[in-house]
Amino acid sequence: MTGASAGIGRALAGELAAAGYTVTGVARDEERLRAAVGALGDGHTALTADLATAHGRARVVQAVRDTRFDVLVNNAGVAVTGPFADVDLDTAVGMMELNCVAPVTLAHAYLAAARPGDALINISSVLAFAPAAGLSVYSASKAFLTSFSESLWLEHRARGVYVMNLCPGITATASQAYDGDDVPASMVQTPEQVAATAIAVLHRRRRPTVVSGRRNTVFAAAMRLLPRRMVLRMLGAAQGPPS
Ligand SMILES: NC(=O)c1ccc[n+]([C@@H]2O[C@H](COP(=O)([O-])OP(=O)(O)OC[C@H]3O[C@@H](n4cnc5c(N)ncnc54)[C@H](OP(=O)(O)O)[C@@H]3O)[C@@H](O)[C@H]2O)c1
């Protein structure tokens, strides 16, 4: 489970541990990770690695090869906001390393040895369906992850390995603090709600893409069904006139 020390990853690690899985949590901040993994109970493991770097990914790939995991969760991700040309290029590329290169690298190691009944969960976003100004690289990274995950779902279905593309909407985590001024409270889910959706779908294993929450499901369906130009116009209007 990558990004197990906070937010959605921490909540999902808790759900998995409660369901009887032994969790290996991955994150950079060792102290915070150890605290989160320790709170799961005995027998769970912390593995520190920076997944935005080749060295960090290699550490986790080694663990995936050395240990038998029933489920791999690619959850760690970051959203950098701002007009694209104003975002530092290294920061934008680092976001792609974490949001795209890390899930591809870990999925490759995991699926090579996966057995029937195993599962890969990739945490994408409803922004996979909505090209967002001010979040251009992030929404593109999630569109990549969603397309990648759906292809994998199809490829691995016949061998009994389930691939889930989980798309949360706005979720109240420490890194994404939403106050009621920006977004109506009814639009915001808790990490626990997203984790509960993931676990329920993991048991059923029917669909490749799962959107968390009813309002987010309607939003994602509209983004997929409407003509692209209309979507772009709507999202532009929601953002307001350029400043
Ligand atoms: N929150 C939302 O509104 C929302 C909506 C849709 C989708 N999502 C997606 O859900 C996932 C989790 O989001 P979140 O809001 O729960 O995140 P979060 O609260 O910021 O937690 C991120 C987790 O990932 C770890 N992490 C960050 N950078 C890392 C790196 N370079 N290498 C290894 N671990 C790293 C963090 O620990 P360290 O900092 O110690 O490394 C932490 O455990 C992301 O993929 C995000 O894009 C979130």
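Residues numbered from 1 in each chain as written. Predicted model: local features only at pLDDT ≥ 70, side-chain atom pairs only at ≥ 80, totals over all residues. Heavy atoms only, no water.

With that settled, consider the pairing of strand β1 (residues 24-27). Of the two faces of β1, the one carrying Thr24 and Val26 and the one carrying Gly25 and Ala27 are both buried. In this view, the connection linking β1 to its parallel neighbour strand β2 (residues 45-48) by way of helix α2 (residues 30-38) has right-handed handedness. (Buried < 20%, exposed > 50% of the residue type's maximum accessible area, 1.4 Å probe, protein only. Helix = DSSP H or I, 4+ residues; strand = E, 2+ residues; numbered from the N terminus. Right-handed = clockwise from strand over helix to strand, strands pointing away.)

Two modes of strand pairing occur in sheets, parallel and antiparallel, and in both the strands are linked by backbone hydrogen bonds. With parallel pairing, four strands are arranged side by side in an open sheet as β3-β4-β5-β6. Edge positions in the sheet fall to β3 (71-74) and β6 (209-211), since each of these pairs with one other strand and no more. Strand-to-strand twist across the sheet, computed as the mean angle between neighbouring axes with direction ignored, equals 20 degrees. As defined by bridge partners, strand β4 (residues 119-123) adjoins strand β5 (residues 162-167) across five bridges and the pair is classed as parallel. In the strand pairing of β5, Asn122 is matched with Asn165. Helix α6 (residues 191-204) rests against β3, β4, β5 and β6 of the sheet, and its axis sits at about 155 degrees to β5. (Pairing = 2+ DSSP bridges. Axes fitted to C-alpha atoms, helices over the stretch in contact; angles between N-to-C directions. Contact = heavy atoms within 4.5 Å.)

Take helix α3 (residues 54-66) next. Here α3 contains 13 residues, and its C-alpha end-to-end distance of 18 Å stays within 8% of the 18 Å for a straight helix at 1.5 Å per residue. Among the residues of α3, those classed as buried are Gly56, Arg57, Val60, Val61, Ala63 and Val64. The arc that holds every buried residue of α3, seen down its axis, measures 160 degrees, which confines them to one face. In α3, the exposed residues that point more than 90 degrees away from the buried face are Ala54, His55, Arg65 and Asp66. Packed against the buried residues of α3 are β1, β2 and α4 (89-113). (Expected span 1.5 Å × (residues − 1). Arc of directions from axis to C-beta.)

On to the packing of aromatic side chains. The full count for this structure, using the stated rule, is one aromatic pair. Seen from their ring centres, Phe144 and Phe148 are 6.1 Å apart, and the 15 degrees between their planes marks the pair as stacked. Residue Phe144 and its partner Phe148 are both found in helix α5 (residues 136-157); the two are separated by four residues, about one turn of the helix. (Phe/Tyr/Trp six-rings, centres within 6.5 Å; stacked < 30°, edge-to-face > 60°.)

Let us look at the pattern of salt bridges. Considering all chains together, one arrives at four salt bridges under this definition. In this structure, Glu97 engages Arg57 in a salt bridge whose closest nitrogen and oxygen atoms are separated by 2.8 Å. In this pair, Glu97 is assigned in helix α4 and Arg57 in helix α3, connecting sequence segments 40 residues apart. For Arg68, the salt bridge identified is with Asp118, shortest N-O distance 2.8 Å. (Salt bridge = Lys/Arg side-chain N within 4 Å of Asp/Glu carboxyl O.)

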